[in-house]
Each structure stands twice: as structure tokens, then as C-alpha cells.
Amino acid sequence: MSIEENLLRIKSTIPANVSLIAVSKTHPADVVMEAYNVGQRVFGENKVQELAGKASEMPDDIEWHMIGHLQSNKVKYIAPFVSLIHGVDSFKLLKVIDKEAAKNNRIIPCLLQVHIASEETKFGFSPEELKFALQTGEHHQYKNVEIRGLMGMATFTDDEKVIRSEFRALKQLFDELKESYFKDVLTFREVSMGMSDDYQIAIEEGSTMVRVGSAIFGTREYT
Ligand SMILES: *Cc1c(COP(=O)(O)O)cnc(C)c1O
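We now turn to the structure provided with this report. Remember, it's a predicted structure, so these values are computed and weren't measured experimentally. (Residues numbered from 1 in each chain as written. Predicted model: local features only at pLDDT ≥ 70, side-chain atom pairs only at ≥ 80, totals over all residues. Heavy atoms only, no water.)

## Quick look at the overall build of the chain
Consideration 1: Counting its regular elements, the chain contains nine helices and eight strands.
Consideration 2: Computed over the C-alpha atoms, the radius of gyration of the chain is 17 Å, within 12% of the 17 Å expected from 2.2 N^0.38 for a compact globule of 223 residues.
Consideration 3: Judged by the C-alpha coordinates and their principal axes, the chain covers about 50 × 45 × 30 Å.
Consideration 4: With 223 residues in all, the chain has 49% of them scored as buried.
Consideration 5: In the chain, 59% of the contacts between residues at least 6 apart in sequence involve partners at least 24 apart.
Consideration 6: Looking at the chain as shown, the accessible area adds up to about 11,100 Å², and 50% of this sits on carbon and sulfur atoms.
Consideration 7: Positive and negative side-chain charges in the chain, numbering 26 and 33 respectively, have mean positions lying 5 Å apart. (Helix = DSSP H or I, 4+ residues; strand = E, 2+ residues; numbered from the N terminus. Rg over C-alpha atoms; globule rule 2.2 N^0.38 Å. Buried < 20%, exposed > 50% of the residue type's maximum accessible area, 1.4 Å probe, protein only. Contact = heavy atoms within 4.5 Å. Areas by Shrake-Rupley, 256 points an atom, 1.4 Å probe, with all protein chains shown as cover. Lys, Arg positive; Asp, Glu negative; His and termini not counted. Charge placed at Lys NZ, Arg CZ, Asp CG, Glu CD.)

So this is what it looks like as C-alpha cells:
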């Protein structure tokens, strides 16, 4: 299957209110351009250097999303152009993004990453940590970031029940936080969940953004 066929097939199964982030990590710009050339404009990368490199090589009308773990000292390399940072897992990082956004006269949209999987290695706030952090109100002082919602990754498993219950828990947490801390904040509206193997389940459970890589570009040599 070509990239074009993959994209068309996936898009036909995604409702219009769900955004498709084409995860282009590890694939060179000329390959990623095949998706651009059939209309894809939103791409996700998980490494700062690769993200900045492709952004400089590829057309300006692309929205670049940082989907991976982001170190504070690297925020400055993507602050001038990044459209959405999915993996904000501490208020310390949020503060750095705010500072770098201000230097660039920008407001950078961010998602707070929540640890929903059973594996220990995945980054993110626990639901309790996140509630505690929001309770402090510290985020209100960061005027150059906009918290758009939550992001999470399900456990790497074939067990659909486990995946579904983790996605459901993330959506429930989103609803709860929306009610408690973002009630009249219209921009708090995204739940980024779902990848190549589980995006359909994620959509059924309320995802508004799916991050799909290998189902579009084929399997990666490395991750
Ligand atoms: C790589 C990656 C994806 C895409 O994974 P696929 O299984 O190739 O669709 C999605 N989200 C994050 C955070 C990733 O690092």
C-alpha cells in the first residue's frame, strides 16, 4: 500500500471532528512529502532535532506537533514554530515553554500528558498529581502557553479491554478536569489518544486527536 492509499483509508474511518496527526518520525523529508502532496498538513515528531530539521526543510504551511518527551533545555529549538506540544509532564516544563514562547512573542498550545498505561517507563502525570498541580493554580501565571487538553498512551498489549479502559479513564479525567478547572475555557477541548494499532478504540472512547505513524508510513527501522 502506498502512503497515499494508507492516508485515504485511515481518513475514511476517522470522523471529521477528530484530527489526524501523521507521525513522521524516522522517515526522511522526501518520504514525508508524499503525505504532504496528498493534502496532509499536520505532522508529529518525537525528537527535537529531527522536528526542527524537517520543519526547516519542508513547506511552511505544515503544523508541527511535538509528541515525544521534551527536555527543558531543548524547548528553545522548537518554540519559534511548534503548533502543539503533546507531552507536557510537569509544571516545570510548562514554565520553560512559557518563557520561550514569550521570547518568540507566541502563545504555545500544550497538552498535559497523563500516565494511563500499566508500564512504568511511560512519562506523564498520574491523575492525582495532575489534579494536585491544577489545584495550585500555578498554570494561570503562564500567559504564553495555552493548555488545550490531555494526552495519553495505552499499555502496549493486544488486550483490547485493557486499552479501552485506559482510554476511557483518560476521557473521564478530561471531563472531570474540564468541569473543575477549565469550565468556561473553550480551548481546553483536546484528548490526544490513539496510535496505529488502537486509534479506532481511542475514537470510540472520545479521542479528538489520533497520532498515527506506521499505519501511514509503514514500519520504522528504529523508534
Ligand atoms: C511513535 C509515536 C506514535 C505513532 O506510533 P505508531 O504505532 O507508529 O502509529 C504516536 N504517539 C507517540 C507519542 C509516538 O512516539
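Let's pick the thread back up.
## Description of helix α5 (residues 91-103)
Along an α-helix, a turn takes 3.6 residues, which lines up residues three or four apart on a common side.
Consideration 1: For α5, with 13 residues, the first-to-last C-alpha span of 18 Å sits near the 18 Å given by 1.5 Å per residue.
Consideration 2: Turning to α5, its buried residues are F91, L93, L94, I97, D98, E100 and A101.
Consideration 3: Residues of α5 that are buried make contact with α4 (75-78), β4 (84-88), β5 (108-114), α6 (127-136) and β6 (145-152).
Consideration 4: Remark: N105 follows α5 within two positions and exhibits a positive phi of approximately 55°. (Expected span 1.5 Å × (residues − 1).)

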